[in-house]
Amino acid sequence: MILVTRERDSYRQQLDWYEKELTMDGNNAMAERIPALERAIDGYRELVSKLEADLQAAEDVAQRNECNRLREEIEQLKGELEHRSLKGDFNSNARVLHYTMNPAAIAEKQAEEKQAALLQELEELRGKVTTGNFGTTTSSLHAQEIAELKQTHEIKIARLKEAFKASSQEYRQACYQFFGWRVDRSKEGCYKLMSQYAESPEDFLSFHVGEEGVDLLQTPYSTNLNSLIEQYLQKQHSVPMFLNALQSDLFNHQTVTNIVT
């Protein structure tokens, strides 16, 4: 409609120019006609640009609608295919191809061969049982296996004992070097402690370790430590501080003795 209107206006302008050319000077008419034609050309250009933009927009909308329609159709076909697959509605004319080297067939063949071998072995064992040879063979093999297992078990136990003894000795030696106390287990729950700075082998302490804590057992040596026992065990209830104080006293006494001598 816009194009028809512009064509009509253009024709009217040309008729007006022709009438003016008849009544006016030719140069003046031409001078007025050129700008008018230029304006008409610019108008046509704008119209062409607008029409191209409208066409591009229409094509984009059409392509978008077509794309959406195809997507909906694909989703619909997928749903129909899943529905038919669940129903088991397949084409009866379809052919099923079987591979000559089908993995399932190979596995089935191997299982059959293994079953045949086991059946043959079973028959042989039944024959041995019937003749009486199987019992002797089995007993000898069983006894030999037990002897080998026993020997292996004894070797493992001996190695574990040696390893435990070595690690225990190493641990005791480390405690003696680090803390200055030699710890020996006299019986279950009872431990004998001897200081590195003890003056006599009889100078040792005995402790009992139970669920309620650690208790100092009376020994001839502990009867001479009443002040330390009262301060650190009875008042402060601290065995580590008691041992630390006793160790410090023994060390100081030994140092003074060495200086005097």
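Residues numbered from 1 in each chain as written. Predicted model: local features only at pLDDT ≥ 70, side-chain atom pairs only at ≥ 80, totals over all residues. Heavy atoms only, no water.

Going by the annotation in an unreviewed UniProt entry, the name recorded for the protein is Mitotic spindle assembly checkpoint protein MAD1, with Dinoponera quadriceps given as the source organism. UniProt, in its Sequence similarities (unreviewed entry) section for the protein, records the words "Belongs to the MAD1 family." The UniProt entry for the protein carries this comment under Subcellular location (unreviewed entry): "Nucleus". (UniProt positions renumbered as here; feature names shortened; annotations may be inferred.)

A. Up close: the overall build of the protein. Assigned secondary structure in the protein consists of six helices and four strands. For the protein, the N- to C-terminal ordering of α and β elements is α-α-α-α-β-β-β-β-α-α. Going through the 261 residues of the protein one by one, you find that 13% of them count as buried. For the protein, the share of sequence-separated contacts (at least 6 apart) that also reach a separation of at least 24 residues comes to 29%. As displayed, the protein has an accessible area near 22000 Å², and 56% of this comes from carbon and sulfur atoms. (Helix = DSSP H or I, 4+ residues; strand = E, 2+ residues; numbered from the N terminus. Buried < 20%, exposed > 50% of the residue type's maximum accessible area, 1.4 Å probe, protein only. Contact = heavy atoms within 4.5 Å. Areas by Shrake-Rupley, 256 points an atom, 1.4 Å probe, with all protein chains shown as cover.)

B. Structural detail: the pattern of salt bridges. Under the criterion given, the structure shown has four salt bridges. The partner of D184 in a salt bridge is R172, with the nearest N and O atoms 2.0 Å apart. Taken together, the residues span a long stretch of sequence, with D184 in strand β1 (residues 181-187) and R172 in helix α4 (residues 133-179) at a distance of twelve residues. With a relative accessible area of 31%, R172 lands in the partly exposed category. A salt bridge links R182 to D184, with the shortest nitrogen-to-oxygen separation between them at 3.3 Å. Here the salt bridges share partners, and the residues they tie into one network are E66, R69 and E73. (Salt bridge = Lys/Arg side-chain N within 4 Å of Asp/Glu carboxyl O.)

C. Region of interest: the nonpolar core. Counting residues in each nonpolar core, the largest one holds 15 residues, and the members touching the most others are L205, L225, L228, F242, L243 and L246. Breaking this core down by element, the ones donating at least two residues are β3 (204-210), α5 (226-235) and α6 (239-260). Excluding its chain neighbours within four sequence positions, the residues that come into contact with L246 are W181, L205, Y221, L225 and L228. (Core = buried A, V, L, I, M, F, W, Y, C linked by side-chain atoms within 4.5 Å.)

D. Quick peek at the sheet that holds β1. Pairing is antiparallel across the open sheet formed by four strands, whose spatial order is β1-β2-β3-β4. What marks the edges here is a single partner per strand, and that holds for β1 and β4 (213-217). Across the sheet, the axes of successive neighbouring strands diverge by a mean angle of 30°, strand direction being ignored. (Pairing = 2+ DSSP bridges. Axes fitted to C-alpha atoms, helices over the stretch in contact; angles between N-to-C directions.)

E. Examining unusual backbone geometry more closely. The phi torsion at H237 lies on the positive side, around 55°, for a residue other than glycine. Its place among the elements puts H237 in the loop between α5 and α6. Given a relative accessible area of 63%, H237 falls into the exposed group.

F. Quick look at the packing of aromatic side chains. Within the structure shown, the criterion is met by two aromatic pairs. Measuring from centroid to centroid gives 6.4 Å for F178 and F179, while their planes differ by 80°, and the two rings are edge-to-face. Comparing F178 with F179, the two get one shared label, exposed. Between Y197 and F251 the ring centres are 5.3 Å apart and the planes differ by 70°, which places this aromatic pair in the edge-to-face class. Here the residue Y197 occupies a position in the loop between β2 (190-195) and β3, and F251 occupies one in helix α6, the gap between them amounting to 54 residues. The ring of F204 has K192 sitting right over it, with the charged end atom 4.5 Å from the ring centre. (Phe/Tyr/Trp six-rings, centres within 6.5 Å; stacked < 30°, edge-to-face > 60°. Lys NZ or Arg CZ within 6 Å of the ring centre and 35° of its normal.)

G. Expanded view of a nonpolar patch on the surface. Together, V183, Y191, V209 and V214 give the surface a local cluster of nonpolar side chains, amounting to about 290 Å² of exposed area. Among the secondary structure elements, V209 is positioned in strand β3. Take V209: its relative accessible area is 42%, and that puts it in the partly exposed class. (Patch = residues over 30% accessible without salt bridge, like charges linked within 9 Å, V, L, I, M, F, W, Y side chains within 5 Å.)

H. Representation of the pairing of β3 within the structure. The pairing of β2 with β3 spans five bridges and is classified as antiparallel. Considered in β3, the bridge of Y191 is made with F207. Relative to β4, β3 runs antiparallel, the two being bridged by five bridges. Along β4, the bridge assignment pairs F207 with L216.

I. Expanded view of α5. Residues of α5 that are buried: L228, I229, Y232 and L233. Here the buried residues of α5 occupy an arc of 105° about the axis, which is enough to place them on one side. The outward face of α5, more than 90 degrees from its buried face, is lined by the exposed residues N226, S227, Q234 and K235. Once α5 ends, the next one or two residues include H237, with phi positive near 55°. (Arc of directions from axis to C-beta.)

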